[in-house]
Amino acid sequence: MQIADIFHTIKRDFKYVTDRKQYGVDEKWVMPDGVKIEGDCEDFALACRALCRADDIQSRLVLCKVETGEMHCVLESSGYILDNRMKEVKKIDDLPYRWLAMSGYEKGEDWRAIDVC
């Protein structure tokens, strides 16, 4: 499976639901159980990451701020971003986000801040 195929597989059945509505808390990260996902941005990114890992495609989670100042989570792979807000996979440079932190490529690796000059 290619990155665009993974994106469209998850996007096709993704239903956006806030953590507040689904779990009664502002933020809760839950590993996906399949490709039919109800959740928010990190649920989408985690579901895409699960499919990437299944196909041995390196990827990492990235936290950013969007234009409204809200925090957002996306998945990055080889300079491409899988983002539940978008209709297609985008190049990282094509998004107007402020990149803040990223996970490692492997399970258990520490998150690190992104230095922006």
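Residues numbered from 1 in each chain as written. Predicted model: local features only at pLDDT ≥ 70, side-chain atom pairs only at ≥ 80, totals over all residues. Heavy atoms only, no water.

Taking 1.5 Å of rise per residue, 14 residues should cover 20 Å, and helix 3 (residues 41-54) covers 20 Å from first to last C-alpha, within 8% of that figure. Of all 14 residues in helix 3, 11 are buried, a share of seventy percent or more. Looking at helix 3, one finds that the buried residues are Cys41, Glu42, Asp43, Phe44, Ala45, Leu46, Ala47, Cys48, Arg49, Leu51 and Cys52. Where helix 3 terminates, the next one or two residues include Asp56, which has phi positive at roughly 55°. (Helix = DSSP H or I, 4+ residues; strand = E, 2+ residues; numbered from the N terminus. Expected span 1.5 Å × (residues − 1). Buried < 20%, exposed > 50% of the residue type's maximum accessible area, 1.4 Å probe, protein only.)

Residues Ile6, Ile10, Phe44, Cys48, Leu61, Leu75 and Leu82 are the most contacted members of the largest nonpolar core, which totals 18 residues. Elements represented by at least two residues in this core include exactly helix 1 (3-13), helix 3 and strand 4 (71-77). No other element matches the 8 residues that helix 3 contributes to this core. Setting aside residues up to four positions removed in sequence, Leu82 forms contacts with Ile3, Ile6, Phe7, Phe44, Cys48, Val74, Leu75 and Val89. By size, the runner-up hydrophobic cluster in this structure holds 10 residues, among which are Val62, Val74, Ile81 and Leu95. (Core = buried A, V, L, I, M, F, W, Y, C linked by side-chain atoms within 4.5 Å. Contact = heavy atoms within 4.5 Å.)

Glancing now at the pairing of strand 3 (residues 60-65). Strand direction decides the pairing type here: strand 3 and strand 4, joined by 6 bridges, are antiparallel. Bridged to Leu61 within strand 4 is Leu75. Counting the residues that bridge the hairpin from strand 3 to strand 4 gives 5 residues, and of these Gly69 lies at a positive phi of roughly 95°. (Pairing = 2+ DSSP bridges.)

Let us now look at the sheet that holds strand 5 (residues 80-82). With antiparallel pairing, 6 strands are arranged side by side in an open sheet as 6-5-4-3-7-8. In the strand order of this sheet, the two ends are held by strand 6 (90-91) and strand 8 (112-113), each with one partner. Here 2 bridges tie strand 7 (residues 98-102) to strand 8, and the two strands are oriented antiparallel to one another. Bridge pairing in strand 8 links Met102 to Arg112.

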